[in-house]
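Given next are the chains, with one letter for each unit.
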Amino acid sequence: ALDPKSLLEYRETLVREYPPEVQKVLFSFNCPGPDGFFTVTKAEVDKHWEDVDVVELVGSDRLKRQSASDIELRKFMFVAAVRLHQRGYLQPNSLPTVRATTETAAKCQAVPMDSAISVRAACPA
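Keep in mind it's a predicted model, so treat the numbers as computed, not measured.

**Some words on the packing of aromatic side chains**
Evaluated as defined, the whole model comprises 1 aromatic pair. Cation over ring: Arg 11 sits above Phe 27, and NZ or CZ is 3.5 Å from the ring centre. Between Arg 87 and the ring centre of Phe 38, over which it is positioned, the NZ or CZ distance is 4.0 Å.

**Focus: the pattern of salt bridges**
Counted under the stated rule, the structure contains 8 salt bridges. Between Glu 44 and Arg 83 there is a salt bridge, and its shortest N-O distance comes to 3.0 Å. One end of the pair, Glu 44, is in helix α1 (residues 42-49); the other, Arg 83, is in helix α4 (residues 68-86), with 39 residues separating them in the sequence. In this structure Arg 83 comes out as buried when scored by relative accessible area, which is 18%. Each of Asp 35, Arg 99 and Glu 103 takes part in salt bridges that share partners, so that together they form one network.

Conventions we followed
Residues numbered from 1 in each chain as written. Predicted model: local features only at pLDDT ≥ 70, side-chain atom pairs only at ≥ 80, totals over all residues. Heavy atoms only, no water. Phe/Tyr/Trp six-rings, centres within 6.5 Å; stacked < 30°, edge-to-face > 60°. Lys NZ or Arg CZ within 6 Å of the ring centre and 35° of its normal. Salt bridge = Lys/Arg side-chain N within 4 Å of Asp/Glu carboxyl O. Helix = DSSP H or I, 4+ residues; strand = E, 2+ residues; numbered from the N terminus. Buried < 20%, exposed > 50% of the residue type's maximum accessible area, 1.4 Å probe, protein only.

Below, the structure written as structure tokens:
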């Protein structure tokens, strides 16, 4: 199985020198597709959203329930969806194309998940 967290790259950014404070920032997302992985970068995301007022778009009530990192992740996923559409990997209804469904797994090998993670049925059979 593909571990979604392994597709995200975070980097530490210095927020303040004294006292030292660093912040973990989402830097890139490696998006799987039928031609292999492609990268959505923070620069692309910032450019896409530069003229958009997220509060006006989403509403302040809905944003209050989300952390800054959740909002940033949603911005990345939106830009990834736009790129998937542009590359022809999504249909107009945002479902994957037949090609995307059948060829992505072969081009994007799954990253092994941590062996400490175990999956079991929640309800007995």
